[in-house]
Amino acid sequence: MSRSALLGSSLAKKYWMALTGLFLCVFLIAHLAGNLQLLDMSPAGQLKFNAYAKFMTTFPVVKIVSYLLYASILFHAFDGIILTIQNRKARPIKYAYEKANASSKWYSRQMALLGMLVLVFIVLHMKHFWYEMHWGPLGMDADGNKDLYTLVAAAFAQPLYVLVYVASMVVLAFHLMHGFQSAFQSMGLNHPKYMPIIKTVGIFFAVIAPLFFALIPVWMFVNASPVQ
Amino acid sequence: MKLTLKIWRQKGPKDKGKIVDYPVNDVSEDMSFLEMLDVLNDDLVRKGEEPIAFDHDCREGICGACSLFINGEAHGPGRMITTCQLHMRKFKDGDTIHVEPWRAEAFPVIKDLAVDRGAFDRIQAAGGFVSVNTNGNLVDGNALPIPKADADTAFDAATCIGCGACVATCTNSSAMLFVAAKVSQFALLPQGKVEAKNRVLAMVEQMDKEGFGNCSNTGACEVECPKGISLEHIARMNREYLAASVTKE
Ligand code: HEM
Ligand code: SF4
Ligand code: FES
């Protein structure tokens, strides 16, 4: 029984959800720290960012972690969808009249929708930059590194890109607003002394991280050089 | 006061059911919600119609029998109360009141507003007990010291009346708050620790089998629970279950 308890049970699905979710949160911090370099739009900043991108796609330890990351995203999404299907089945007949907002926040009930939108964003985002970095036809910069910077700058010179990225970060913010503290509860970490701190940190993280991510395309759009 | 009631009527488990409008006059604001339904039923019987089936027993908020999803909330508006403790002064003359049964795959409708909450009993039977040897060797209660804080928390958990409002209000029809309360009331006490691992594994297994949804930690159950059972008990169950599934042979 104990083995299936760690794989198939409702609680186990939530442990995996929480662990992969928190791992993705750690990734977000690292990803943000690296990408904030894009705010430096000078030629030196371009070379620095491209060197960083090369390091991130070739250094073995980073590569191993990135495979773990892809697996986590897929597993988190898969597990989340299974949970949601089971949750729908648990209430085949809906209430004709329901005041759901009286007892819970809308985004805590819409984690699957928010998650799917984040997934759509991740796919688009990986196509835009990750795929191009690995297999796309990219020019070289003065240091002989693939010029990812120019690709990013060109994308964020277009209003549509900026809009999609900013909107996606709003979606991510709501996902994290509930998700961060929820993960601790799922792992059994709820204590009257620490839960208020976890909740506060969660809200700060949910607002600050997506805000800074969104700042990058906006900044690059505003500061885009008209024609190269 | 005068009210319009929109009540779910369903002849039996297989009937499709529908919402039927009932105008009621002469409702006193001192009536409890159940008394108001009694008056309506009295009227229906006099007219030769089938009275509305709903669960009730103690009518003082301690048995957990009364249910009802009233105006979009489990046990209606108001916090820390059951439907028998809900009074008509919470409503205004001319109000329309929606009354539906608990909605969950695991709580099938028996008739009208009465649902079968046997799933809770089966979860309880799977492990919600302490095995006692009844050979006459009684142990003095004071021989077993229990920290006051633990006793209090265990007691808080034990105040769960098994009403099912947590399931009814949860967007996933999850029974986590109920099961967590039943796990916690034993897990915190030395008598309960002996069987703690088996208990949590067996009760969660039964909970999953009954077809309740998973917990999304929305917290709606805690808000609607008439006994104020805390989400901390769910966290305790999550810990207990994790530890038990890792360490049990
Ligand atoms: C950067 C991306 C993401 C991060 C940082 C993230 C983070 C989290 C965290 C921390 C939780 C809380 C886990 C818990 O309640 O125990 C969560 C829940 C959830 N996530 Fe994500 N997530 C991300 C992407 C996704 C994607 C792509 C999906 C796709 C479907 C998704 C679907 C869900 C669902 C459905 C839940 C709620 C599960 C439940 O409580 O029933 N998430 N997420
Ligand atoms: S936890 Fe609260 S809402 Fe759920 S069954 Fe017990 S008393 Fe009712
Ligand atoms: S009838 Fe017993 S709690 Fe309402």
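Residues numbered from 1 in each chain as written. Chains lettered and ligands numbered in written order. Predicted model: local features only at pLDDT ≥ 70, side-chain atom pairs only at ≥ 80, totals over all residues. Heavy atoms only, no water.

Caption draft 1: Up close: the overall build of chain A. Secondary structure summary: chain A contains nine helices and zero strands in total. Taken from N to C terminus, the helices and strands of chain A fall in the order α-α-α-α-α-α-α-α-α. Considering only C-alpha atoms, chain A reaches an extent of 60 × 40 × 35 Å along its principal axes. In chain A, which comprises 228 residues, the proportion classed as buried is 42%. Contacts spanning at least 24 positions in sequence make up 73% of the contacts within chain A whose residues lie at least 6 apart. Per element, the accessible surface of chain A, about 12600 Å² overall, is 75% carbon and sulfur. (Helix = DSSP H or I, 4+ residues; strand = E, 2+ residues; numbered from the N terminus. Buried < 20%, exposed > 50% of the residue type's maximum accessible area, 1.4 Å probe, protein only. Contact = heavy atoms within 4.5 Å. Areas by Shrake-Rupley, 256 points an atom, 1.4 Å probe, with all protein chains shown as cover.)

Caption draft 2: Structural view of the site of ligand 1. Near ligand 1 you find 27 residues, and of these K14(A), H76(A), H175(A), S182(A) and S186(A) are the closest. Neighbouring residues of ligand 1 are distributed over chains A and B. Within the side chain of K14(A), a nitrogen or oxygen atom sits 2.7 Å from an oxygen atom of ligand 1. A distance of 3.0 Å separates an oxygen atom of ligand 1 from a polar atom in the side chain of S216(B). For the shell around ligand 1, the secondary-structure elements that each account for two or more residues are α2 (10-35), α4 (60-89), α6 (111-135) and α8 (159-186) of chain A. A total of seven residues in the shell around ligand 1 trace back to one element, the largest contributor, which is α2(A). Of the residues contributing to the shell around ligand 1, the split by class is 15 nonpolar, eleven polar and one charged. (Near = heavy atom within 4 Å. Polar contact = N/O pair within 3.5 Å; in protein donor to acceptor, adjacent residues only side chain to side chain. Nonpolar A, V, L, I, M, F, W, Y, C, P; charged D, E, K, R; others polar.)

Caption draft 3: Main features of the coordination of the iron atom of ligand 1. The coordination sphere of the iron atom of ligand 1 contains the protein donors H76(A) (NE2) and H175(A) (NE2), at a distance range of 2.0 Å. A residue is classified by how much of its surface remains accessible, and H76(A), at 16% relative accessible area, is buried. (Donors = N, O, S within 2.8 Å, 3.2 Å for Na, K, Ca; no water.)

Caption draft 4: Molecular detail of the interface of chain B and chain A. In this complex, chain B contributes 51 residues to the contact, which on the side of chain A involves 36 residues. Of the roughly 3600 Å² buried between chain B and chain A, counting both surfaces, carbon and sulfur atoms make up 54%. On the chain B side of the contact with chain A, R103(B), N214(B) and N217(B) bury the most area, a combined 18% of that side's loss. If you look at where chain B meets chain A, you find zero salt bridges. The tally of links from chain B across to chain A stands at 29 residue pairs in polar contact (both at pLDDT 80 or more). Elements with a contribution of two residues or more to the side of chain B that touches chain A: β5 (96-100), α4 (165-169), α7 (196-209), α8 (220-224) and α9 (231-247) of chain B. Per-class residue counts for the side of chain B that touches chain A are 23 nonpolar, 16 polar and twelve charged. (Buried area = accessible area lost by both parts, 1.4 Å probe. Salt bridge = Lys/Arg side-chain N within 4 Å of Asp/Glu carboxyl O.)

Caption draft 5: Local environment of the site of ligand 2. Residue and element names in this part refer to chain B. Neighbouring residues of ligand 2: 13 residues in total, closest C160, C163, G164, C166 and C225. The set of elements that each furnish at least two residues to the shell around ligand 2 consists of α4 and α5 (176-187). The class makeup of the residues in the shell around ligand 2 is eleven nonpolar, two polar and no charged.

Just geometry here; none of it tells us what the structure is for.
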